[in-house]
Amino acid sequence: MAELNPFDIACEQLDDCAKILNLNEDVREMLKSPMRELHVSIPVRMDDGRTKVFKGFRVQYNDAKGPTKGGIRFHPEETIDTVRALAAWMTWKCSLMDLPLGGGKGGVICNPKELSENELERLSRGYIDMIWQFMGPNKDVPAPDVYTTPQVMAWMMDEYSKITGSNEFGCITGKPICVGGSCGRDDATARGGMFTIREAAKELGIDLSKATVAIQGYGNAGSNAAILCRDLFGSKVVAISDSQGGIYNKDGLDIELACSVKKDTCTVVNFPKDETQKISNQELLELDVDILISAALENVITKENAPYIKAKIIAELANGPTTPEADEILFEKGVHIIPDFLCNAGGVTVSYFEMVQNIDRYCWDVEEVRKRLDERMTRAYHSVLETSRAYNINMRQAAYVVAVNRVVEAMKIRGWIKFS
Ligand code: NAD
């Protein structure tokens, strides 16, 4: 089951890129090894008076290009392998977007749904108590991820500020706006993905105002993607899904209604029946649509279903949705994949804007944020497309080539390696 270990997949993708770039074995080893991993035990006083110990991690994968950057997940099934893989992907993502940042990621094994608000606050502060010496605006800057919210970021920033004795707003991003957060962060991941879809559609000659769209996952990334597909392009979103299943309407779904059904009942499958039909997540992936957006989990597009995928564009808002074997099948079929660390880079790009605004103690308006995001995403998309054409490789390999090249260049200039 090596296919399902995220860090094995990250290493496999890196090996593939190292061959294309002809990197020697020493450089490959450095790129496949996280530079620093912290394993912590966080004692938290629970509401009933007991003290419970939670395990946590912070991986600083590579900081050749600047302070490491990456989210913190609170999840009951968190593993060091997942955190490591996500930290590697953050390194390539920041590099691909040409941000002056390296890549990192953190996680705590816990079920936030079982914690009271006070316990969650003590856990958030406890995590910072354990890692504060290793983080900071010039070292490592965390952000929200699965089950961590702007409120959690505010507690963490406050704890770091208390320990260091100064208001360090720039030590963490994804904060509420009133304590140094950035406008435009809420839908930045989906919006950034839209800019890459717009560019891909131009290249493939797809008229987005007539395009059909299916979206797997209807959380932050997926629901914002549905709204923006409609509002920015006038595309028809015909199918959406979540962990309980999906819904389909060939004439297009009422996005507002879907959002309120999801909000009220926690799933889109309770959408009124007369207007739609229920479908499985598997059926959604294989629909005859122009654009398939994955916005749920890793490893959902596999060698088993890839032959049946009919979309012309797959936009990977989720991290790691496509296995390497499926990648090959889809490339052969001519499906245009916008790979995860390009497609979903809008979130970290606006996080970087938040760091810049914190350093300047200034607040850009939302138009400014969106304009700068569009410029960065468009530039990154075209650098990947040009590289894929120049080397005759697929878009994921091309994204790796652009990103890894920049990290290797930085390692060379800093004197970490003498040749590549
Ligand atoms: P979320 O928790 O808000 O939403 C996830 C959605 O996926 C939910 O609707 C959930 O019901 C659905 N889901 C869960 N299991 C499923 C399954 N088996 N089949 C179909 N749907 C399923 O999370 P999110 O923030 O929207 O993130 C989604 C993906 O996008 C993740 O891979 C995440 O790493 C990636 N991502 C998110 C951001 C961001 O800023 N939100 C940034 C970069 C990458």
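Because the structure is predicted, anything quoted here is derived from the model rather than measured. (Residues numbered from 1 in each chain as written. Predicted model: local features only at pLDDT ≥ 70, side-chain atom pairs only at ≥ 80, totals over all residues. Heavy atoms only, no water.)

K.L.:
Break down the pattern of salt bridges for me, citing the residues and quoting the values.
P.N.:
The final tally for this structure, using the stated rule, is 31 salt bridges. With its nearest N and O atoms 3.0 Å apart, the salt bridge here joins arginine 73 to aspartate 145. Here arginine 73 is found in strand β3 (residues 68–75), whereas its partner aspartate 145 is found in the loop between β5 (140–144) and α5 (150–164), with 72 residues between them in sequence. Taking the relative accessible area as the measure of exposure, arginine 73 reaches 14% and is therefore buried. Via salt bridges that share partners, Glu121, Arg125, Asp158, Glu159 and Lys162 belong to a single interconnected network. (Salt bridge = Lys/Arg side-chain N within 4 Å of Asp/Glu carboxyl O. Helix = DSSP H or I, 4+ residues; strand = E, 2+ residues; numbered from the N terminus. Buried < 20%, exposed > 50% of the residue type's maximum accessible area, 1.4 Å probe, protein only.)

K.L.:
Residues and numbers for the nonpolar core, please.
P.N.:
Core analysis: the largest hydrophobic core is formed by 96 residues, its most contacted members being Leu31, Trp92, Ile197, Ile215, Ile240, Ile293 and Val404. Of the residues forming this core, the biggest block, 12 residues, is contributed by helix α14 (residues 395–413). Two domains share this core, each providing at least three of its residues, namely domain 1 (36–176) and domain 2 (188–343). In terms of nonpolar packing, the next biggest core, distinct from the first, is built from 25 residues, Phe54, Tyr127, Val152 and Met156 among them. (Core = buried A, V, L, I, M, F, W, Y, C linked by side-chain atoms within 4.5 Å. Domains from an automatic or database assignment.)

K.L.:
Report on the packing of helix α6 (residues 188–204) against helix α12 (residues 346–360), specifying residues and quantitative values.
P.N.:
Interaxial distance between α6 and α12 falls to 7 Å at its minimum, and their mutual angle equals 115°. Seen along the crossing, α6 lies across α12 with a hand that is right-handed. Each of Ala188, Thr189 and Gly192 in α6 lies in contact with α12, whose residues at this interface are Gly346, Gly347 and Val350. (Axes fitted to C-alpha atoms, helices over the stretch in contact; angles between N-to-C directions. Left-handed = near helix turned anticlockwise from the far one by under 90°. Contact = heavy atoms within 4.5 Å.)

K.L.:
Account for the packing of helix α1 (residues 6–21) against helix α3 (residues 80–96), with residues named and values stated.
P.N.:
The N-to-C vectors of α1 and α3 enclose an angle of 35°; their axes lie 7 Å apart at closest approach. Of the residues in α3, those in contact with Pro6, Phe7, Ile9, Ala10, Gln13 and Leu14 of α1 are Asp81, Thr82, Arg84, Ala85, Trp89 and Trp92. Taken together, the residues of the contact of α1 with α3 sort by class into eight nonpolar, two polar and two charged. (Nonpolar A, V, L, I, M, F, W, Y, C, P; charged D, E, K, R; others polar.)

K.L.:
Explain the domain arrangement of the protein chain to me, using residue names and the numbers behind them.
P.N.:
For the protein chain, the domain assignment lists domain 1 (36–176) and domain 2 (188–343). The gap between the C-alpha centroids of domain 1 and domain 2 is 29 Å. If you look at the interface, domain 1 gives five residues, while domain 2 gives four residues. Interface area, domain 1 with domain 2, both sides summed: about 590 Å², of which 69% is carbon and sulfur. Among the residues domain 1 hides against domain 2, the three largest losses belong to Trp89, Lys93 and Leu96. Together they make up 63% of the total. (Buried area = accessible area lost by both parts, 1.4 Å probe.)

K.L.:
Run through the environment of arginine 230, naming residues and quoting values.
P.N.:
Here arginine 230 shows up in helix α7 (residues 220–233). Arginine 230 gets classed as partly exposed once you look at its relative accessible area, which sits at 29%. For the pair formed by arginine 230 and isoleucine 255, sequence separation is 25 residues and the distance between their alpha carbons is 8.5 Å. Excluding anything up to four places from it in sequence, arginine 230 contacts Ser235, Ile255 and Glu256.

K.L.:
An account of the sheet that holds β5 is needed here, citing residue identities and associated values.
P.N.:
With mixed pairing, the five strands of this open sheet are ordered in space as β1-β2-β4-β3-β5. In this open sheet, the two strands that pair with only one neighbour each are β1 (36–45) and β5. Averaged over all neighbouring strand pairs, the angle between strand axes comes to 25°, with direction disregarded. Packed onto the sheet, α3 meets β1, β2 (51–62), β3 and β4 (102–109) and runs at close to 155° relative to β4. (Pairing = 2+ DSSP bridges.)

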